[in-house]
Amino acid sequence: KARKRFGQNFLQDQGVIRRIIRAIAPGETQHLVEIGPGLGAITEELLDLCQRLDVVELDRDLVPILRTKFFSYAEKFAIHEGDALKFDFATLQQQDEQLRVVGNLPYNISTPLIFHLLSYADQIEDMHFMLQKEVVDRLAAKPGDSAYGRLGIMAQYYCQVEPLFLVPPHAFDPAPKVDSAIVRLIPYKELPHPAQDISKLETVVRTAFGQRRKTLRNNLKPLLDANEIEALGIDPGLRPERLALIDFIRISDYLSSK
Ligand code: SAM
């Protein structure tokens, strides 16, 4: 029986499963990592097509089921029982190969999990996730969109974001209450606009969105004043959702060198 507290909605639609596998397109020399394999809806097809697959699953009751089911793949398959939010993905890297991360993520932890994975961006080739559609909208949002905020800005700092396709609730058992979508995140090999200090950029973005309806002048008061914002060529009377990534980086670099 699916467990709500683990965000379990198991994929049951073979057409959707095939479409996800086609989008991922695993290669026979590649190292994949699946987060939350559940009962293995996409796991077997991944295993058939890649060189190595590591899975991270929190629900300990699923582990023996997965172990039995995929017994014959033992030499290329490993199950890590634990919380993906605390998992050190760097330990999976075998030589200096890049990891390909996939998962039909538990929706209750998808945002913190994406932030966690972004900290491994330079070890990751790409990521394919099933998410609540609303979270995909936030990942891909541009300045001025109502979904634009911290998640999209930080994801777009590290990655190219490509929303792929929608998945309706009845593709799952049990059916979630919301629409879902598949998204592809491709970390840049070289960041287009590296910030001098990434933790400063995170602080600026978090502070700027402290209260969405307030202006930059008000939200950013603890970090810099309106004159300083203006001197950077940015209108302090704007709301944070109008500001492009490059402007947040400009503020952050100014603070780093102040
Ligand atoms: N991949 C399966 C599928 O598509 O049918 C299951 C997807 S289900 C939405 C999410 C899975 O993530 C469940 O198996 C759940 O137990 C697991 N999970 C929940 N929280 C987790 C966490 N913090 N770390 C790792 N796995 C987690």
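Description of the structure in this document. (Residues numbered from 1 in each chain as written. Predicted model: local features only at pLDDT ≥ 70, side-chain atom pairs only at ≥ 80, totals over all residues. Heavy atoms only, no water.)

### Topic: the pairing of strand 4 (residues 77-81)
Thought 1: Bridge analysis of strand 3 (residues 52-57) against strand 4 gives 5 bridges, and the strand direction is parallel. Opposite Glu-57, over in strand 4, you have Glu-81 as the bridge partner.
Thought 2: For the crossover from strand 3 across helix 3 (residues 62-69) to strand 4, the handedness is right-handed. (Pairing = 2+ DSSP bridges. Helix = DSSP H or I, 4+ residues; strand = E, 2+ residues; numbered from the N terminus. Right-handed = clockwise from strand over helix to strand, strands pointing away.)

### Focus on the pattern of salt bridges
Thought 1: By the definition in use, this model includes 13 salt bridges.
Thought 2: The salt bridge involving Arg-3 is made with Asp-61; its shortest N-O contact spans 2.7 Å. Here Asp-61 lies in the loop between strand 3 and helix 3 and Arg-3 lies in the segment before strand 1 (10-11), a separation of 58 residues in the sequence.
Thought 3: Take Arg-3: its relative accessible area is 29%, and that puts it in the partly exposed class. (Salt bridge = Lys/Arg side-chain N within 4 Å of Asp/Glu carboxyl O. Buried < 20%, exposed > 50% of the residue type's maximum accessible area, 1.4 Å probe, protein only.)

### Some thoughts on the sheet that holds strand 5 (residues 99-104)
Thought 1: Read across the open sheet, the 7 strands follow the order 4-3-2-5-6-9-7; overall the sheet is mixed. With partners counted over all chains shown, the strands left at the sheet margins are strand 4 and strand 7 (159-167), one partner each. Along the sheet, successive strands turn relative to each other by an average axial angle of 15°, direction set aside.
Thought 2: Relative to strand 3, strand 2 (residues 31-35) runs parallel, the two sharing 5 bridges. Residue Ile-35 lies in a different strand from strand 3, and its bridge partner there is Val-56.
Thought 3: Seen against the sheet, helix 3 touches strand 3 and strand 4 and runs at an angle of roughly 175° to strand 4.
Thought 4: Its contacts with the sheet place helix 6 (residues 150-158) against strand 7 and strand 9 (180-187), and it is angled at close to 120° to strand 7. (Axes fitted to C-alpha atoms, helices over the stretch in contact; angles between N-to-C directions. Contact = heavy atoms within 4.5 Å.)

### Notes on the site of the ligand
Thought 1: Not every one of the 23 residues close to the ligand is listed here, only the nearest: Gln-8, Leu-11, Glu-57, Asp-83 and Asn-104.
Thought 2: One nitrogen or oxygen atom from the main chain of Gly-38 is found 3.3 Å from an oxygen atom belonging to the ligand.
Thought 3: Between the ligand and Asn-104, the relevant distance is 2.7 Å, taken from an oxygen atom to a side-chain nitrogen or oxygen of the residue.
Thought 4: Protein contacts shield 98% of the accessible area of the ligand, which totals 590 Å² for the unbound molecule.
Thought 5: Going through the elements one at a time, strand 1 and strand 3 are the ones with two or more residues in the shell around the ligand. (Near = heavy atom within 4 Å. Polar contact = N/O pair within 3.5 Å; in protein donor to acceptor, adjacent residues only side chain to side chain. Areas by Shrake-Rupley, 256 points an atom, 1.4 Å probe, with all protein chains shown as cover.)

### Focus: the pairing of strand 3
Thought 1: Strand 3 sits mainly inside the fold: 6 of its 6 residues count as buried.
Thought 2: At this point the chain moves from strand 2, through helix 2 (residues 43-49), to the parallel strand 3, and the crossover so formed is right-handed.

### Here we look at the environment of Thr-91
Thought 1: Position of Thr-91 among the secondary structure elements: in the loop between strand 4 and strand 5.
Thought 2: By relative accessible area, which is 56% here, Thr-91 ends up exposed.
Thought 3: Within polar-contact distance, the side chain of Thr-91 engages the backbone oxygen of Asp-88 at 2.7 Å.

### As for the packing of aromatic side chains
Thought 1: Applying the stated criterion across every chain yields a total of 7 aromatic pairs.
Thought 2: Aromatic side chains Phe-70 and Tyr-73 sit 6.3 Å apart centroid to centroid with 65° between the ring planes, which places their arrangement in the edge-to-face category. Tyr-73 carries the same exposure label as Phe-70, and that label is buried.
Thought 3: The ring centre of Phe-165 lies 4.0 Å from the NZ or CZ of Arg-19, which sits over that ring. (Phe/Tyr/Trp six-rings, centres within 6.5 Å; stacked < 30°, edge-to-face > 60°. Lys NZ or Arg CZ within 6 Å of the ring centre and 35° of its normal.)

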